[in-house]
Amino acid sequence: MSAEAADREAATSSRPCTPPQTCWFEFLLEESLLERHLRKPFPDPTPVQLIVQFLEQASKPSVNEQNQVQPPPDNKRNRILKLLALKVAAHLKWDLDILEKSLSVPVLNMLLNELLCISKVPPGTKHVDMDLATLPPTTAMAILLYNRWAIRTIVQSSFPVKQAKPGPPQLSVMNQMQQEKELTENILKVIGSLSLHCTIDEKRLAGYCQACDVLVPSSDSTSQQLTPYSQVHICLRSGSYQEVIQIFIEDNLTFSLPVQFRQSVLRELFQKAQQGNEALDEICFKVCACNTVRDVLEGRTISVQFNQLFLRPNKEKIDFLLEVCSRSINVEKTSESLKGNMAAFLKNVCLGLEDLQYVFMISSHELFITLLKDEERKLLVDQMRKRSPRVNLCIKPVTSFYDIPASASVNIGQLEHQLILSVDPWRIRQILIELHGMTSERQFWTVSNKWEVPSVYSGVILGIKDNLTRDLVYILMAKGLHCSSVKDFSHAKQLFAACLELVTEFSPKLRQVMLNEMLLLDIHTHEAGTGQSGERPPSDLISRVRGYLEMRLPDIPLRQVIAEECVAFMLNWRENEYLTLQVPAFLLQSNPYVKLGQLLAATCKELPGPKESRRTAKDLWEVVVQICSVSSQHKRGNDGRVSLIKQRESTLGIMYRSELLSFVKKLWEPLVLTIILSLFVKLHNVREDIVNDITAEHISIWPSSIPNLQSVDFEAVAITVKELVRYTLSINPNNHSWLIIQADIYFATNQYSAALHYYLQAGAVCSDFFNKAVPPDVYTDQVIKRMIKCCSLLNCHTQVAILCQFLREIDYKTAFKSLQEQNSHDAMDSYYDYIWDVTILEYLTYLHHKRGETDKRQIAIKAIGQTELNASNPEEVLQLAAQRRKKKFLQAMAKLYF
């Protein structure tokens, strides 16, 4: 019988040949055998069996010449056997669950004692007397592991164990069991004498339990059993901030939560609020108010945060503060010192208020009346009524140091500080009136260097003759633009509305400027709000955008960005009909963004039509080629030499490349972005020396060549493609077409691991993470071949062979060649379960037989012997088997490269 026939008979036999079991002494003879043995998928003997064999051989008693039984000798052989047992346990990562399940107490005790010895733990030393912080890591690890096992064993031994039903009496077996039982009991007595030399810090242990319960709440814990810590953390995770406030108010009575913990919660909320969650502003004030009342009751100073948040009080804030104060003190039972602290706090709050209405709200509250005597309350209210913003120095001829009034310069500085912080237009107006009443020499629009107004507007604004009006218009516009840039659209709208009302009275030019800025603000507001959910803008906003584009008012300063945003707005909301048919002709000649928008809209509109009707695509192509073109010029230097330079021709294109890129980054409509990306990909591929073309959708609509290749700055084109892909994927990271482009870019630049990441991600997003079949238009033969090349260049040759099955016609030549490679960096034979082509499996069987690789040959035989791969099966069964293996392989690859 031939070798191949024998292989086939072995493959179909019900009892495949099994390699002989490795004996324990073989590991003594070859040092590297243990590591190779443990790396096998199913090593025989198993790791725990090896531990038993090694320790059993190392602990065998010896017999001297007088036939007397002696303890096992401490020779080199026994020391190596013990060391081998420790190595196997280390391979199992000292997992006590595995070791306890498979090893008896005496064997595991022997193993851990050997670990203590080799880790240089002196025998007979009490572990509680050793300072773990001063020990080497290996010694500390051994002590900790031994004590963990001791505790687990003691606890386990305390549980009742059902006795096994005895079998037929066998004297030798019974003697062995009795010996092991007695040995186990002795060990338990020894380790039981250790939970005696241990003192437990119950408070600290309770703290650890609380911390663990916060991270991983126990399944049987109820809301009544949760500590305040756990309740606060659960509320923060679920966004139940009102419940956090209630817990803090209740804690003001019990003082159970540390102040540092409450402050850390407030810092976390402040951080979330600063990241753009405006809904948390009110929550931050309420939590800060709760913490402030706690500070007051314990005699600490009021935080700066509370003073900042209470800088502009209103009825709601004062109502909440009074509620917290009332619920945080039990007037009948609390001490006089706490009452005094609360009374002083309420008095100071009143003294800091300017509005007498708010003072009356506090002074008439039940808590205020209870804590302060009638004389104190009347004196405070009279003091507030008589208080004047300015102090007449003639009233008090002699004053104490603390009664000296602030100088005029200090008052101006304070008002300027308030002017910088305020975003209330009427408060800004009031501050400026007061400042101009103090001095007429200052230009208060220069107070902050952060106030910036576009240069096209500043000339008109600074030309206003009235100083107060000039300052007010400049500051309102600067603050409105800043609020808009940080997406504080509500305050921006208030500031712009106030500025519009002001300039309408005296300047039609500035009125139109403000109307334009308010249009841009409304566009941004819609995009940031309902626009993200796909809700179309109101018809009024679309009409205003058209009105701006068609505006022909002379001498009106215009910002180019508004035109960009308006055209982008029309493209994003698919107003292609207006851009292609209804836009006025003068706009196409005067506004380059309108021209570009018309070409993009027309290309999108004509895309479904026949190829010959795509004339607009050719026009758009020519415009972009001109934008990316350079002109060659000769320049004579100082040394007389003539050098060739490349210079951008401003007359070639309608705008610069950087301007085009800036405009594209205002778009988010998928088809428009796909068209732009497709155009630049085609332009990138036109260059003759490009070996690895990039694929993209709709690439066939563009011209296939350029008359003058030298005129195009292909380096700039390549940079633009990369920036466009990065931007489009930030808009939609699940667009498989854009992901393929990104993968092709990495492939073309020899970044094969990154390329595989994006090829796999493209397949994952359109197949429910490979639970469905990847569409053939995503994983085309070209994509699969590039994935094959990536794996090959990464030396993952088994992955190459498996991917060769994905092609419409299996590439056996590449598969066989890759399997012949012995220097493979992938998992090799553990991938054999993903192969469904019987020819490749048969070749693997032959290859391993030829090399004498018995274990791998057995794995290949096992894979080929699966019934679902039988060639006589119906085609549906074979397809299902292939699809199942494709799914598992691609999911395994995704875990590897994601």
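Only a predicted model underlies this, so the values are computations on that prediction, with no experimental measurement involved.

Chemist: Help me get a handle on the overall build of the protein, residues and values and all.
Modeler: Check the secondary structure of the protein and you find 43 helices and four strands. Out of the 898 residues in the protein, the part that is buried amounts to 41%. Accessible surface for the protein amounts to roughly 51,600 Å². Of this, 53% is attributable to carbon and sulfur atoms.

Chemist: I'd like to hear about helix α38 (residues 781–793), residue by residue, with values.
Modeler: Across its 13 residues, α38 extends 18 Å between first and last C-alpha, which sits within 8% of the 18 Å expected from 1.5 Å per residue. On its buried face, α38 is in contact with α36 (736–748), α37 (752–765), α39 (797–803), α40 (812–820) and α43 (875–897). Backbone geometry just after α38 places Asn 795 at a positive phi near 65°.

Chemist: Describe the nonpolar core, and please don't skip the residues or the numbers.
Modeler: One finds Leu 549 and Tyr 779 to be the most contacted residues of the largest nonpolar core, which totals 161 residues. Not counting chain neighbours up to four residues away, the residues in contact with Tyr 779 comprise Tyr 759, Leu 760, Gly 763, Phe 770, Val 774, Ile 784, Met 787 and Leu 890. Core analysis: the second largest hydrophobic core is formed by 52 residues, Val 232, Tyr 241, Phe 270 and Leu 367 among them.

Chemist: Could you give me a rundown of the packing of helix α5 (residues 76–91) against helix α7 (residues 105–118), with the residues and numbers involved?
Modeler: Between α5 and α7, whose axes approach to 10 Å, the crossing angle comes to 100°. In terms of orientation, α5 lies roughly perpendicular with respect to α7. Across the interface between the two elements, Lys 82, Leu 83, Ala 85, Leu 86 and Ala 89 of α5 pack against Leu 111, Glu 114, Leu 115 and Ile 118 of α7. Split by residue class, the contact of α5 with α7 holds seven nonpolar, no polar and two charged.

Chemist: Residues and numbers for the packing of aromatic side chains, please.
Modeler: Applying the stated criterion across every chain, the model contains 21 aromatic pairs. Ring centres of Trp 573 and Trp 668 lie 5.1 Å apart, and the angle between their planes is 85°; this geometry places the pair in the edge-to-face category. Here Trp 573, found in the loop between α28 (560–572) and α29 (576–582), pairs with Trp 668, found in the loop between α33 (657–664) and α34 (670–686); they are 95 residues apart in sequence, far enough to count as distant. Ring plane angle 75° and centroid distance 6.0 Å describe the contact between Tyr 831 and Phe 889, whose orientation is recorded as edge-to-face. Placement of Tyr 831 in the loop between α40 and α41 (838–851) and of Phe 889 in helix α43 is noted, with a sequence separation of 58 residues between them. Residue Tyr 831 is classed as buried on the basis of its relative accessible area, which comes to 7%.

Chemist: Residues and numbers for a nonpolar patch on the surface, please.
Modeler: Judged by side-chain polarity, Phe 25, Leu 28, Leu 29 and Ile 80 come together as a nonpolar surface patch covering roughly 370 Å² of accessible area. Of note, Phe 25 is situated in the loop between α1 (3–12) and α2 (26–29).

Basis of the calculations
Residues numbered from 1 in each chain as written. Predicted model: local features only at pLDDT ≥ 70, side-chain atom pairs only at ≥ 80, totals over all residues. Heavy atoms only, no water. Helix = DSSP H or I, 4+ residues; strand = E, 2+ residues; numbered from the N terminus. Buried < 20%, exposed > 50% of the residue type's maximum accessible area, 1.4 Å probe, protein only. Areas by Shrake-Rupley, 256 points an atom, 1.4 Å probe, with all protein chains shown as cover. Expected span 1.5 Å × (residues − 1). Contact = heavy atoms within 4.5 Å. Core = buried A, V, L, I, M, F, W, Y, C linked by side-chain atoms within 4.5 Å. Axes fitted to C-alpha atoms, helices over the stretch in contact; angles between N-to-C directions. Parallel < 35°, antiparallel > 145°, perpendicular 65-115°, else oblique. Nonpolar A, V, L, I, M, F, W, Y, C, P; charged D, E, K, R; others polar. Phe/Tyr/Trp six-rings, centres within 6.5 Å; stacked < 30°, edge-to-face > 60°. Patch = residues over 30% accessible without salt bridge, like charges linked within 9 Å, V, L, I, M, F, W, Y side chains within 5 Å. Salt bridge = Lys/Arg side-chain N within 4 Å of Asp/Glu carboxyl O.

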